[in-house]
Amino acid sequence: MSDVFISYSRVDKEFVGNLREMLLEKEQNVWIDWENIPPSQSWWDEIKKGIARANNVVVVLSPNSMASPICQMEIEYARELKKRIIPVFIKAYQREEMIKAIQSRMAVKEEITTREIWAGRNVEHLFDANDNELKHINFFMFPADADFEKRFEELFAVIRADYAHKEEHTSLQTAAQLWDRQKRDSSYLLLDKELEDAEAWLAKAAGKIPPPTELHLAFIEASKKRTRQLRNIRRASVAGVVVSVVAIVFALAAAWIGVQANESANLASTREADAVIRGATAESEVLIASTREAQALNSEATANVQVIAASTRESEALNSEATANAQVIVASTRESEALNSEATANAQVLLANTAEASAREQANIASTAQANAIREQEITDIYSKAMQSLTDGFPEAAIYLFDTLIVKYPDVASIYNFRGLVFYALNDNDKALADYSHAIELNPLYADAINNRGNVYDVQGDPESAAREFERAIEADPQYANAYYNLGIHYLYDSADYASAIGYLSTYIELVPRDPYGYVERGYAQSFLGRYDEAIADYVRAIELNPDYAASYNNRGNAYLDLGEYDDALGDYNRAIELDPEYAVAYNNRGNAYLDLGEYDNALGDYNRAIELDPEYANAYFNRALTHYDLGDYEDAVADYDRYLEFYPEDADAYYNRGLSNMNLALAGENIDPDVIEADFERAVELGMTIPNDVEDLLSDLGISIGVQ
């Protein structure tokens, strides 16, 4: 039994050699085909034994290994044995190129034994089967420029970890999040084998790290409930079949009753005819009796007896006729009942057929929903792996994952949307825009893609186009929360329309009431309108939802600062910095509080720290310049205004303040060019600033004249 079997291409032997040596140092039993032995059947049998006896199969993924027929067969055999495969991704590869390379290799005359071992496998089918299987396992990214020892330690932790538990944890979490994002639509739930696997995982998850989340539990429980509902539908379908059978029996019975009724009617008609004949006979006998009475008076007694007999027969005939008529009526009634029974049976058959058709339709819907759920889970799973690839520094692997998925599902809009998110994360906005646009072409009401396209326009410096996209996303789906949030941010930061910002952010909060970010941004907008009580209430709610979110404390500190409540403001800034020691904005804002309190050393310390953390933080330069000015350090103030104006060259206050600083230096006897001072004040006037009279008088002392507006 070996700990690790390594599947690799000999072209990657240097990397694999280092990997093997470090595994051996960890006292791992490593099976590796290290000798350059020509392929043979016995050699292949040994490889299969090595795979069968290994706890882990490490597949070194590169263009070299994926173009190797032997590596492809090793992966296939490991899959067949359901071995734990750990793909170690060292270089990206392209499907079409790999398939051509395998085909070329198999066409080489000397590869006789390899072709025999290959045994007629279809190149494309085997490559796709292996590749799809590997993509459903988290690739371990091993960049060429990575610290080999550090990255190996991370790989070794994966080898030794309970990977199956973690993988299922991640996969189920991804599926559950998709279900949750889709408003817990039942079509996204697990079914059949998926649900069985999830329940088995949950039963074994006790005490393991990471533990199942509440969303895991809710997702599995909802899936179980949905499965019970589907089973009831199936039972209803079976019941419908039973009803159909019963209805058919009733129909056959009704038909038999109808036949019996017809036969009864025919019998009654025959009896009626017999009765008529009998009546005619009776009348004849009466006439005969009368004749005999006239001809044979001597036989009167005999004639009387015959008359009595004839009358009796006539009466019997009339009774027989009445009975026959009654039988005809009864037969007609039975025939009518039989027809009614037959109609009822037909109705029951129709009802049963309708029920059966409905059950079949429900089954088809359930089957389609299951297929869609499987597809969406696969897509989101790939997206999760792609994001992990980005985190690991392998962007080309992330793109590759989506490229291959698009080959499989070329008409699924969400794949293009997800790939667009990867391009967006890579700042490749043109490609992101193309993917979002293609997703919208496939589904014009795809709110997420429309919203994401708006994000691209925003980072490209086109906020108006971005806002139109966010509005379109809301039109496509009035419940799509992200678009309301983005519109709120647009009106807050791009348009300074704080009332509109509050409106959109309020709608976002209604849709997502437990997201602290919505409250923080709405509170910020409230502060601009001087609604400090409402702003503080929003920050308090954000803190309740997430006590560790530093921005909530920072922004509440700003509200307290505007109200002149310095102790509360400083308390909040301190808490924000405690939570995030590299929060440059919080240092700057605390510096403002110290500046207002005249604690200049503390203010300078905070501004210096803010700039150290973020050298591009323009406001910190401006505020530090104010502090230097108040301390009489005019040269330092000028230097900070110089830096600030690199970021905001249209700020009248900065030109005015720099002019003041240089003016004070000149008044103190420093050699400052008057033209420089004049230029700053003139620029401030151009930008709308009014120069106070006392400043104009000081400038006159320096021989500088500024046209007062």
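In this report, the structure presented in the accompanying data block is examined.

### Some points on the overall build of the chain
- Broken down by element type, the chain carries 30 helices and 5 strands.
- Surface accessibility of the chain: about 36,200 Å² in total, with carbon and sulfur atoms responsible for 50%.

### Observations regarding the pattern of salt bridges
- Counted under the stated rule, the structure contains 32 salt bridges.
- The salt bridge involving Asp572 is made with Arg556; its shortest N-O contact spans 2.7 Å. A residue pair is termed long-range when its members are at least 10 positions apart, and Asp572 in helix 23 (residues 566-579) and Arg556 in helix 22 (residues 550-562) qualify at 16 residues.
- Judged by relative accessible area, which is 6%, Asp572 ranks as buried.
- For Arg590, the salt bridge identified is with Asp606, shortest N-O distance 2.8 Å. A residue pair is termed long-range when its members are at least 10 positions apart, and Arg590 in helix 24 (residues 584-596) and Asp606 in helix 25 (residues 600-613) qualify at 16 residues.
- Judged by its relative accessible area of 15%, Arg590 falls in the buried class.

### Here's the deal with the pairing of strand 1 (residues 2-7)
- With 6 of 6 residues buried, strand 1 lies mostly within the body of the structure.
- Here strand 1 runs beside strand 3 (residues 54-61); their pairing, made up of 5 bridges, is parallel. The residue of strand 3 that forms the bridge with Val4 is Asn56.
- Here strand 1 pairs with strand 2 (residues 30-31) via 2 bridges, running parallel. When the bridges of strand 2 are listed, Val4 appears paired with Val30.
- A crossover links strand 1 with its parallel partner strand 2, the connecting element being helix 1 (residues 13-25), and its sense is right-handed.

### Remarks on the environment of Thr507
- Looking at the secondary structure, you find Thr507 in helix 19 (residues 498-511).
- Note: C-alpha distance between Thr507 and Tyr484 (23 residues apart in sequence) is 6.7 Å.

### Considering the pairing of strand 4 (residues 84-89)
- Of all the 6 residues making up strand 4, 6 are buried; the element is thus mostly covered by neighbouring parts of the structure.
- Covered by surrounding structure in strand 4 are Arg84, Ile86 and Val88 together with Ile85, Pro87 and Phe89, the residues of both alternating faces.
- Relative to strand 5 (residues 140-141), strand 4 runs parallel, the two sharing 2 bridges. Within strand 5, the residue paired with Val88 across the bridge is Phe140.

### Quick notes on the nonpolar core
- Leu61, Met66, Phe89, Tyr93, Phe139, Phe402 and Ile415 are the most contacted members of the largest nonpolar core, which totals 84 residues.
- Looking at this core element by element, the count peaks at 8 residues for helix 13 (residues 395-408).
- Setting aside chain neighbours within four positions, we find Met66 in contact with Leu61, Gln72, Ile75, Tyr93, Met98, Ile102, Phe127, Asp131 and Leu134.
- Of all hydrophobic cores here, the second largest spans 59 residues; its members include Tyr583, Ala593, Tyr656 and Ile677.

### Section: helix 15 (residues 429-442)
- If you check helix 15, its first and last C-alpha atoms are 20 Å apart, about what 14 residues at 1.5 Å a residue would give, namely 20 Å.
- In this structure, the buried side of helix 15 is in contact with helix 14 (413-425), helix 16 (447-459) and helix 17 (463-476).

### Considerations on the sheet that holds strand 2
- Ordered in space as 2-1-3-4-5, the 5 strands form an open sheet in which the pairing is parallel. Unpaired on one side and paired on the other, strand 2 and strand 5 mark the two borders of the sheet.

### Some points on helix 25
- Compared with the 20 Å implied by 1.5 Å per residue over 14 residues, the 20 Å span of helix 25 between its first and last C-alpha is a close match.
- What helix 25 keeps buried is the set Ala603, Leu604, Asp606, Tyr607, Ala610 and Ile611. Relative to the axis of helix 25, the buried residues are bounded by an arc of 165° and lie together on one face. More than 90 degrees from the buried face of helix 25, the exposed residues found are Asp601 and Glu612.
- Packing partners of the buried residues in helix 25 comprise helix 24 and helix 26 (618-630).

The rules behind these values
Residues numbered from 1 in each chain as written. Predicted model: local features only at pLDDT ≥ 70, side-chain atom pairs only at ≥ 80, totals over all residues. Heavy atoms only, no water. Helix = DSSP H or I, 4+ residues; strand = E, 2+ residues; numbered from the N terminus. Areas by Shrake-Rupley, 256 points an atom, 1.4 Å probe, with all protein chains shown as cover. Salt bridge = Lys/Arg side-chain N within 4 Å of Asp/Glu carboxyl O. Buried < 20%, exposed > 50% of the residue type's maximum accessible area, 1.4 Å probe, protein only. Pairing = 2+ DSSP bridges. Right-handed = clockwise from strand over helix to strand, strands pointing away. Core = buried A, V, L, I, M, F, W, Y, C linked by side-chain atoms within 4.5 Å. Contact = heavy atoms within 4.5 Å. Expected span 1.5 Å × (residues − 1). Arc of directions from axis to C-beta.

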